[in-house]
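In case you want the letters, here they are:
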Amino acid sequence: MNSGSIWQGCLIIFLLLSFRSVGQTEDPKKVVSSRTTQTTGVATDTNRVVEDAPLDIAQNRGLFILTHDKKMQLRILGSVRYLVVYDDQPMPSKNGYRTTELDRESKGLSPSYYNGLNQTRLGFEITRQIGKGQEVFVRLETDFAGPNGYRIRHAYGQYSKFLFGQTWSLFSQVRALPATVDFNNPSGSITVRSPQIRFTPSERLFGMNVAISLEYLIPDVVIPDSFNIEASKILPDIAFRMDRTTSWGYFQISGVVPILSAKGGDNYLVIKPGWGVATSAVIDSWKGGTWYLQLSGGMAISRFLNDLSGNGFDVLFGPEYQVVTPFAYGGEVTYEHRWKPSLFSSLSISATGLEVIDFLQPTDFLYGYTIRTNTFWDIVDGARIGSELIYGVRRDHDLTATDGLRLNILVYYDF
């Protein structure tokens with residue numbers, strides 16, 4: 001049995017167990033919104049949900065400016081972030097640790113040291129009352145971690161049940177993320193932002209919140225010159241999410257249908273859908289302890305998995321014009337313990353990989369995993385320091401293993 005079949009079986013079992021848990025949750029009226037209420041003069045629409053990752057700027061921070069009639073509010077938010085990275089070997093990416101970048105040829109070379117400020121953020125939010133109980137909400141947030149520096153993280157508007165713009169994909173498992181210094185989060189996690197049109201109905205399905213979206217995310221494909229085809233995007237991806245806050249934590253299940261398309265000679269059009277399923281949970285355990293769990297799998301979804309994206313794994317091309325959309329998988333388990341209100345630590349184990357493909361080279365990536373531990377300390381209100389140690393292993397198709405060690409330190413202040 002190959003690794004892809006094993007992970008498909010694990011995914012099915014996890015989904016069945018998760019559905020069983022959903023049926024045992026508390027009264028839906030006790031569900032807590034993921035939106036933190038702002039203590040300002042503008043009341044927020046109950047339909048609005050801002051999905052914050054663990055190290056995002058808190059909703060009660062920023063400069064709030066309110067118009068005289070109290071119908072419009074401007075929030076200016078920002079964060080200055082200083083990152084220190086020390087690797088035991090050269091690694092191309094400094095903001096995020098990727099097992100796909102571990103290179104057997106680089107093992108044994110001199111260590112690498114890096115400082116950077118490109119995780120620094122700046123954002124604006126506008127809330128405008130337009131009627132009784134209704135509002136228009138606009139969010140723009142940027143950082144400097146893009147290929148050329150400046151990068152848009154979020155840029156969207158929301159009215160009633162509709163959202164237009166770029167924010168977290170519904171396939172992402174943001175609320176089940178542990179806090180990490182590493183920008184990419186645990187290796188097997190899904191944290192992707194995409195341009196989208198989203199609809200969130202008020203009605204629940206099986207007692208769970210529901211959302212559906214049409215999203216745009218360019219397929220992760222590298223086409224060899226020998227193939228007389230050209231990748232194109234003619235249809236949006238379709239994604240959905242079902243989630244619920246419970247008495248024991250939080251549960252989410254997401255799905256995506258990525259649409260792959262290409263044009264051949266004489267404008268011959270090929271359309272091939274993929275599929276992906278992901279589930280996650282946050283479980284409150286003993287006092288001060290929290291578990292974070294994620295599991296995902298599918299075909300043509302490598303662009304969503306942090307470690308796999310950017311390597312052309314959505315579609316693989318072999319000899320004799322073979323075209324394969326490999327099964328990709330990812331997962332993570334994290335235990336986080338809060339020692340006191342201003343101090344917490346966590347231990348994570350995560351993995352991601354592809355099924356065995358016969359025509360790939362012995363040195364091509366098969367799977368990777370990381371073990372990481374970190375500690376965060378809130379120095380003063382808004383200021384935090386975090387340190388993280390990551391040990392990663394990459395295993396290729398010939399089963400050769402390459403490992404690497406990274407030490408991260410992040411110091412930041414949210415204003």
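Residues numbered from 1 in each chain as written. Predicted model: local features only at pLDDT ≥ 70, side-chain atom pairs only at ≥ 80, totals over all residues. Heavy atoms only, no water.

**Student:** What exactly am I supposed to notice about the sheet that holds strand β13 (residues 259-263) here?
**Tutor:** Neighbouring strands of a sheet are bound in pairs by backbone hydrogen bonds; such pairs are parallel or else antiparallel. One open sheet holds the three strands; their spatial order is β10-β13-β14, and the pairing between them is antiparallel. The strands lining the two open edges of the sheet, one partner per strand, are β10 (230-232) and β14 (269-273). Going from strand to strand, the sheet's axes swing by 30° on average, the running direction of each strand aside. By the bridge criterion, three bridges tie β10 to β13 in an arrangement that is antiparallel. Note on β13: the bridge partner recorded for Ala231 is Ala262. (Pairing = 2+ DSSP bridges. Helix = DSSP H or I, 4+ residues; strand = E, 2+ residues; numbered from the N terminus. Axes fitted to C-alpha atoms, helices over the stretch in contact; angles between N-to-C directions.)

**Student:** Sorry, what's going on with the nonpolar core here?
**Tutor:** One broad rule of soluble globular proteins: the nonpolar side chains tend to lie buried together. One finds Phe171, Ile190, Phe304 and Leu308 to be the most contacted residues of the largest nonpolar core, which totals 21 residues. Not counting the four nearest positions on each side in its chain, Phe171 is found in contact with Ile190, Ser254, Gly255, Val256, Gly276, Val277, Ala278, Ile301 and Phe304. (Core = buried A, V, L, I, M, F, W, Y, C linked by side-chain atoms within 4.5 Å. Buried < 20%, exposed > 50% of the residue type's maximum accessible area, 1.4 Å probe, protein only. Contact = heavy atoms within 4.5 Å.)

**Student:** Looking at this structure, how should I read the environment of Pro178?
**Tutor:** With respect to the helices, strands and loops of the structure, Pro178 is situated in the loop between β7 (162-168) and β8 (193-199). Classification of Pro178 by relative accessible area gives buried; the value is 1%. Expressed as a C-alpha distance, the spacing of Pro178 and Ala53, which sit 125 residues apart in the sequence, is 8.5 Å. Every residue in contact with Pro178, bar those within four places of it in the chain, is listed here: Pro54, Asn185, Pro186, Tyr292, Glu332, Thr334 and Ser348.

**Student:** For this particular structure, what's the right way to read unusual backbone geometry?
**Tutor:** Of all residues except glycine, most have a negative phi; of all peptide bonds, most are trans. Its identity as a non-glycine residue notwithstanding, Ser160 has a phi of 55°, on the positive side. Its place among the elements puts Ser160 in the loop between β6 (149-159) and β7. Since its relative accessible area comes to 21%, Ser160 is described here as partly exposed. Here Asn185, not a glycine, exhibits a phi torsion of approximately 65°, which is positive.

**Student:** Where do I start with the side chain of Gln173 in this structure?
**Tutor:** When you line up the elements, Gln173 lands in the loop between β7 and β8. Overall, Gln173 belongs to the buried group, its relative accessible area being 1%. For Gln173, the side chain forms a polar contact with the side chain of Ser280, separated by 2.7 Å. (Polar contact = N/O pair within 3.5 Å; in protein donor to acceptor, adjacent residues only side chain to side chain.)

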